[in-house]
Structures are given as structure tokens and as C-alpha cells.
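Next come the chains, spelled out residue by residue.
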Amino acid sequence: MAWKKNPAPKSVYRRQLAAQLKELRDASGKTMAEVAKVVEINQGSLSRIESGDRGTSPVLVKAMLDCYGVSDPAVREDILDLVRADQAQKQKWWRKYSAVINTTQYGGYLELEASATALRSYEPLLIPGLLQTADYARQVITAMRVDLDAKQVEALVTVRMNRQALLARDDAPKLWAVIDEAALRRVSGVPALLKSQLEHLLDLEPRTNITLQLLPFDAGFHPGLYGSFMLMGFPEPNPDVVWVENLTNSVYFEGSDDVGRYTEVFDHLRAAALGPPETRSHIKRMIKEL
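First, a word on scope: everything that follows refers to the structure included in this document. (Residues numbered from 1 in each chain as written. Predicted model: local features only at pLDDT ≥ 70, side-chain atom pairs only at ≥ 80, totals over all residues. Heavy atoms only, no water.)

### Examining the overall build of the chain
Moving on, step 1. A count of helical and extended segments in the chain gives 13 helices and seven strands.
Moving on, step 2. Taken over 290 residues, the chain has a buried fraction of 47%.
Moving on, step 3. Residue pairs at least 24 apart in sequence account for 75% of intrachain contacts in the chain once pairs closer than 6 positions are excluded.
Moving on, step 4. For the chain, the computed accessible surface area is about 14,700 Å², with 53% contributed by carbon and sulfur atoms. (Helix = DSSP H or I, 4+ residues; strand = E, 2+ residues; numbered from the N terminus. Buried < 20%, exposed > 50% of the residue type's maximum accessible area, 1.4 Å probe, protein only. Contact = heavy atoms within 4.5 Å. Areas by Shrake-Rupley, 256 points an atom, 1.4 Å probe, with all protein chains shown as cover.)

Following this line, the structure appears as C-alpha cells:
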């Protein structure tokens, strides 16, 4: 099982850069030791660049491309664009919230989410964070994070609301969310809060990059009973990743067997869930009941 605890994952751009630099070195016929000597870095550093464990600079990459005999301006510029994009991702919008994010251990998740092209979410107990209203998020965070004071809770609410901007980007990822009916009825004791949240789901549902499905109570037992998870897809050749969060830490799985198993479970869940039109009708009925 391939898993990592509290990760600081490589950006998608760094993964692409690493793969292309290794491919170019292999095509040149040069060994890692030969290249390291020419560009004047140690072999260990070059190895980490090719594995994506270390970032690099335009100056060093230009020297590497010269060493590999890459003269095509378009190819060179594409490679350098990856370097610049990876460097740009170091300037995270959520950095000013790092103190409170560190206590939640999901800074690594934000990096992955921001660069994903596809998100497949299963939530048995809560509305997914990307679909929550601020009031709903505040209630959830307050209840779950009894260790945080009011100021820290507000900081996390702000982070959650800022995250949602990615769904409105020109290159927005496609979000497919399967939500258990229990999540929609959990706050039934606060009708105004629930009504506002359900109406928000209806407002979001028509977006072409968002697919919502409700898993009704009468679906019975199903393979999602193990708990929530998020499948994240990235541009080729980057592998999909599964993110799982629990009380004390968060982990992501990137092994093909693990990703394949979660993908199979998600396919079962969406097959058992109501279709998007039926989901919309069900939510409307719930609002009327309130």
C-alpha cells in the first residue's frame, strides 16, 4: 500500500518537469554522473530533480537543456514554463493562514486540490467543503474542532470559502460529488441553516463542471461505509491521488492498486445514488419540508 502521512506533495508542474527532464537525459544517452559534472551540481541533487523531490531554477534547467542538446526554442520554452509554474505555486494564497492550517494538517491537500483537473468526492456525513456555505462551514468547524478558539475557526472558514474560487476558474476542475442523505439531514434541527445550504447546492448544480448525486437512505449498505474520501486527477502523466482524512492526521494514497480500489468504490456509489435530476428534485422536496 502506497501511502504518505502529512505530505508536502509535489506540484503537478514539478511532476511533469521531472518526467520530461529524465526523458530528455535518457534520449541524450548521458548518465546522471556525466550531466551532474557538466552542469556543476552533485548527482544526488540531479536525482531529486528527476524524481520531483526537489525544485530547480530556470538557469539550471537551461544548462541541462544545453547539455542534452535541446535547441528547439518551443521545447525549451515549454520546459521553462513548467519551472516557472512550479516556482509560482510556492506563493500559496493560504500561507497567511499557515498557523491554523498546520493544526488541521491539510496544507498538503490544498496544494493538490489547487492543481487538480478532476475531483471525485464521497461524503457520508457532511456537505463537501467546496460546496459549503460560510454559515454551514462555521457550524461544522466549531463542532468538530473543539481545540480551536473563535478566531481560529473564522480563519478556517475563510480558507474554506477561498478554496471554492477554484470551481469558478476558467480552467476549473470537474467536481463529481456523491453525498449521503445523512449529510443533508444532519442539521435538520437548524432549519434556516439547512435551508440556506440546500438552496446553495441547487444554485451550484447547474454549473457544467459540477455533478451532484444524493445517496439515499434506501440504498442500504454499500462500500462507502468505510468513510469519506477524495479522488484527485491531474494532467498526464501525473497519477491520480486519493486523500483520506481522520481525527489526528491526513494521508494520501498514490499507488495504482489503492487508487484503483477507491475508483471502483466511487463507481459503485455513483451507480447506487440518485441521478443529478432526481437529486435536484429530492433537495427541492427537502426544502419544502422545512
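### Description of the nonpolar core
Moving on, step 1. If you look at the biggest cluster of nonpolar residues, it comprises 38 residues, and the most contacted ones within it are Leu119, Leu131, Leu184, Leu198, Leu201 and Met232.
Moving on, step 2. Considering each element in turn, this core owes the most residues, six residues, to helix H11 (residues 191-204).
Moving on, step 3. If near-sequence neighbours (up to four positions away) are discounted, Leu184 is found in contact with Ile127, Ile179, Leu194, Leu198, Leu201, Leu214, Ile283 and Met286. (Core = buried A, V, L, I, M, F, W, Y, C linked by side-chain atoms within 4.5 Å.)

### Focus on the environment of Arg186
Moving on, step 1. Turning to its location among the elements, Arg186 is positioned in the loop between helix H10 (181-185) and H11.
Moving on, step 2. Along the backbone, Arg186 and Ile127 are 59 residues apart, and their C-alpha atoms lie at a distance of 9.7 Å.
Moving on, step 3. At a separation of 3.3 Å, a polar atom in the side chain of Arg186 contacts the main-chain carbonyl oxygen of Leu125. (Polar contact = N/O pair within 3.5 Å; in protein donor to acceptor, adjacent residues only side chain to side chain.)

### Observations concerning empty space enclosed by the protein
Moving on, step 1. One pass over the structure, following the stated rule, counts one cavity of 30 Å³ or more.
Moving on, step 2. One number sums up the size of the largest cavity: a volume of about 30 Å³.
Moving on, step 3. Taken together, Ile179, Leu184, Leu201, Leu212, Gln213, Leu214, Thr279 and Ile283 make up the full set of residues lining the largest cavity.
Moving on, step 4. Broken down by secondary-structure element, the contributors of at least two residues to the lining of the largest cavity are strand S4 (210-215) and helix H13 (276-289).
Moving on, step 5. At three residues, S4 tops the list of elements feeding residues into the lining of the largest cavity.
Moving on, step 6. Taken together, the residues of the lining of the largest cavity break down into six nonpolar, two polar and no charged. (1 Å grid on protein atoms, 1.4 Å probe; cavity = no way out; pocket = protein on both sides within 12 Å on 5 of 7 lines; lining within 4 Å. Points joined across faces, edges and corners; volume = space filled by probe spheres on them. Nonpolar A, V, L, I, M, F, W, Y, C, P; charged D, E, K, R; others polar.)

### Some words on the packing of aromatic side chains
In this description, an aromatic ring pair is defined by two values, namely the gap between the centres and the angle between the planes.
Moving on, step 1. Applying the stated criterion to the full structure yields three aromatic pairs.
Moving on, step 2. Three or more aromatic residues joined by ring pairs make a cluster, and in this case those are Tyr122, Phe229, Phe253 and Tyr262.
Moving on, step 3. The ring of Phe234 carries the charged tip of Arg15 above its face, separated from the ring centre by 4.9 Å.
Moving on, step 4. The side chain of Arg270 reaches across the aromatic face of Trp176, ending 4.7 Å from its centre. (Phe/Tyr/Trp six-rings, centres within 6.5 Å; stacked < 30°, edge-to-face > 60°. Lys NZ or Arg CZ within 6 Å of the ring centre and 35° of its normal.)

### Some words on helix H9 (residues 150-163)
Moving on, step 1. Here H9 is 14 residues long and its end C-alpha atoms lie 20 Å apart, about the 20 Å a rise of 1.5 Å per residue gives.
Moving on, step 2. Burial in H9 covers these residues: Val153, Ala155, Leu156, Val157, Val159, Arg160 and Arg163.
Moving on, step 3. Its side-chain oxygen at 3.1 Å from the backbone nitrogen of Lys151, Asp149 defines the N-terminal cap of H9. (Expected span 1.5 Å × (residues − 1).)

### What to know about the packing of H11 against H13
Moving on, step 1. Two elements in contact, H11 and H13, have axes separated by 10 Å at closest approach and are oriented at 155°. The angle between H11 and H13 places the two elements in the roughly antiparallel class. Pair H11 / H13 crosses with left-handed handedness. Across from Lys195, Leu198, Glu199, Leu201 and Leu202 in H11, the residues of H13 making contact are Arg280, Ile283, Lys284, Met286 and Ile287. (Axes fitted to C-alpha atoms, helices over the stretch in contact; angles between N-to-C directions. Parallel < 35°, antiparallel > 145°, perpendicular 65-115°, else oblique. Left-handed = near helix turned anticlockwise from the far one by under 90°.)

### Topic: the pairing of strand S2 (residues 118-123)
Moving on, step 1. Here S2 lies mainly inside the structure; five of its six residues are buried.
Moving on, step 2. Where S2 lies against strand S3 (residues 174-180), six bridges are found, and the strand directions are parallel. Following the sheet pairing, Glu123 is matched in S3 by Ile179.
Moving on, step 3. In this structure, S2 lies alongside strand S5 (residues 229-233), joined through five bridges in antiparallel fashion. Opposite Arg120, over in S5, you have Leu231 as the bridge partner. (Pairing = 2+ DSSP bridges.)

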